[in-house]
Structure formats: structure tokens, C-alpha cells
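Understanding the architecture of this molecule
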Amino acid sequence: MRIISGKHKGRRLVAPKNLPVRPTTDMCKESLFNILNNYFNFNGLKVLDLFSGTGNISYEFGSRGAGPITSVDGDFGCVNFIKKTASDLDLDITALKSDAFKFLEKSKTSYDIIFADPPYDLGQEQFEKIIQLIFENELLEEEGMLIVEHSKHTKLDHMMNFSFAKNYGGSVFSFYELESDEEESLED
């Protein structure tokens, strides 16, 4: 895996082979960040990376100036790799070992961007639950964005605050946005 842009542009990272992960491909990651560049200045953005695996997405945000970044994964090996890599790269990333659903139920912090990349074989209801928990618990800042990576076989365009989706082969990024109060009052 490599970091595409920012202060660590071109840096290659090699994760241990025994981690239970399916990293977002460089092509998908580059496409995702090309979209996000149209919405955000990354400096100082508060980011939550759920099911963070190797930390691939967290490093990309961090390299572009985002931070603080919270990376949540249920595997000790993944969390330890993220902690070591974040320290080596001097990035503002906190890696937490936690079940993502329990984290969402208990979190009191809101974020500018939430990226969730659950295992593709998670059930449809569990994908929907991630989105519901984020919006019910008000974990997304106004003007913020939730991105869920999932397989093309999982359909999430019916969920609350759905904005648009982008397909890349067998992978899909579904984007969700909260409308600001100003936009809502303009529509009234």
C-alpha cells in the first residue's frame, strides 16, 4: 500500500501478512480522495476510520493534514500496526481496539468525516445499523460526510441522508451528508 498525496506522498507501507484485512485498493483510494478534495480542506479535519484494518485510509487523511484521526478496529494486530506506523510517520492518529458497533453506541464525539469499511460479508442489516447509529447518535458534524465502502451486492442508497454512490469494480462508496440548517431554511 502507498500514500498517494500529502507530506508522505509516495511512501510505501508494508503491513504484516497475518492481518485479517481487505485493504482499499490504491485506485479506489485515489478516486475517493479526488471526490473528497472537492468538498474539504483536510487541514485539521476530525476523522473517524471504522474497521480501519491496516490504517490505509487514516494514513492518507493524516498525510494530507487531517487530525485528530481515530482509527477503530477489533484486531490487536491491526491496532498495533496502526499505532507503530502513525508514530513512525508522526501523524495525529489514535488507534483503538474496539468493536465498531460498541464504539458507535458509546461515542460522544462528532467528526467531520467518518469512513467505514466493514467486511464485505457483513449482513445488510449490519451495514444499515452502522449508518443508523452514526446519525441517531449525532456523530457527524454539520457539513460532515459519512462514506461507507461496501460490495456492489449491498444496497444502501435507501438509507437516511444518502447523497450519492460511486462504483469501482466490485466496490462501492456510498456517501451520506447532513444538510446545514441554512440549506434547510432556504428550501422552506
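Here, the structure is the one placed above.
Computed from a predicted model, the values in this text were never measured in an experiment.

**What about the nonpolar core?**
Counting residues in each nonpolar core, the largest one holds 34 residues, and the members touching the most others are L32, L36, Y59, F61, I147, F173 and F175. Of all the secondary structure elements, the ones that give two or more residues to this core are α1 (26-37), α2 (56-63), α3 (76-89), β3 (93-97), β4 (111-116), β5 (140-151), β6 (162-168) and β7 (171-177). A per-element tally of this core places α3 first, with six residues.

**Concerning the sheet that holds strand β2 (residues 69-73)**
Judged by pairing direction, the sheet is mixed, and its seven strands sit side by side in the order β3-β2-β1-β4-β5-β7-β6 without closing on themselves. Of all the strands in the sheet, just β3 and β6 have a single pairing partner and so form its edges. Across this sheet, the average inter-strand angle for adjacent strands is 15°, counted without regard to direction. Note: strand β1 (residues 47-50) against β2, four bridges, orientation parallel. Each residue of the ladder has a partner; that of L50, found in β2, is V72. Lying over the sheet, α2 contacts β1, β2, β3 and β4, oriented at roughly 175° with respect to β2. α3 rests against β2 and β3 of the sheet, and its axis sits at about 165° to β3.

**Some remarks on helix α5 (residues 124-136)**
The periodicity of an α-helix, 3.6 residues per turn, causes residues three or four positions apart to be oriented the same way. Compared with the 18 Å implied by 1.5 Å per residue over 13 residues, the 18 Å span of α5 between its first and last C-alpha is a close match. Of the residues making up α5, those classed as buried are F127, E128, I130, I131, L133, I134 and F135. Looking at the buried residues of α5, the elements they touch are β1, α4 (100-106), β4, β5 and β7. Where α5 terminates, the next one or two residues include E138, which has phi positive at roughly 50°.

**Focus: the side chain of S63**
Counting through the fold element by element, S63 comes out in helix α2. Overall, S63 belongs to the buried group, its relative accessible area being 4%. The residues contacting S63, other than those within four sequence positions of it, are I3, S5, G6, K7, H8, K9 and L91.

**A closer look at the packing of α1 against α2**
α2 packs onto α1 with a crossing angle of 40° between their chain directions and a minimal axis gap of 12 Å. Taken as axis vectors, α1 and α2 run oblique relative to one another. For the pair α1 and α2, the sense of crossing is right-handed. Here K29, L32, F33 and L36 of α1 lie close against α2, whose contacting residues are N56, I57, E60 and F61.

**A short note on the pairing of β7**
Among the seven residues of β7, six are classified as buried, and the element is accordingly described as predominantly covered. Sheet analysis places β5 next to β7, joined by seven bridges and oriented antiparallel. The partner of I147 across the bridge, within β7, is F175. Here β6 runs beside β7; their pairing, made up of six bridges, is antiparallel. Looking at the pairing, F164 lines up with F175 of β7. Between β6 and β7, which pair antiparallel and follow one another directly, the connecting turn spans two residues, one of which, G169, has a positive phi of 65°.

**Considerations on the layout of surface pockets**
Looking at the largest pocket, its volume works out to about 410 Å³. Lining of the largest pocket is provided by 23 residues; of these, P20, F51, G53, D73 and D117 occupy positions nearest its centre. Looking at the lining of the largest pocket, the elements that each hand over two or more residues are α2 and β2. Grouping the amino acids of the lining of the largest pocket by side-chain chemistry returns ten nonpolar, seven polar and six charged.

**Considerations on the packing of aromatic side chains**
Taken as a whole and judged by the stated rule, the model has nine aromatic pairs. Plain terms: the ring middles of F164 and F175 are 4.3 Å apart, the flat faces sit at 15° to each other, and that makes the pair stacked. Here F164, found in strand β6, pairs with F175, found in strand β7; they are eleven residues apart in sequence, far enough to count as distant. Comparing F164 with F175, the two get one shared label, buried. Just above the ring of F76 sits the side chain of K97; from NZ or CZ to the centre is 5.1 Å.

Rules of the game
- Residues numbered from 1 in each chain as written.
- Predicted model: local features only at pLDDT ≥ 70, side-chain atom pairs only at ≥ 80, totals over all residues.
- Heavy atoms only, no water.
- Core = buried A, V, L, I, M, F, W, Y, C linked by side-chain atoms within 4.5 Å.
- Buried < 20%, exposed > 50% of the residue type's maximum accessible area, 1.4 Å probe, protein only.
- Helix = DSSP H or I, 4+ residues; strand = E, 2+ residues; numbered from the N terminus.
- Pairing = 2+ DSSP bridges.
- Axes fitted to C-alpha atoms, helices over the stretch in contact; angles between N-to-C directions.
- Contact = heavy atoms within 4.5 Å.
- Expected span 1.5 Å × (residues − 1).
- Parallel < 35°, antiparallel > 145°, perpendicular 65-115°, else oblique.
- Left-handed = near helix turned anticlockwise from the far one by under 90°.
- 1 Å grid on protein atoms, 1.4 Å probe; cavity = no way out; pocket = protein on both sides within 12 Å on 5 of 7 lines; lining within 4 Å.
- Points joined across faces, edges and corners; volume = space filled by probe spheres on them.
- Nonpolar A, V, L, I, M, F, W, Y, C, P; charged D, E, K, R; others polar.
- Phe/Tyr/Trp six-rings, centres within 6.5 Å; stacked < 30°, edge-to-face > 60°.
- Lys NZ or Arg CZ within 6 Å of the ring centre and 35° of its normal.

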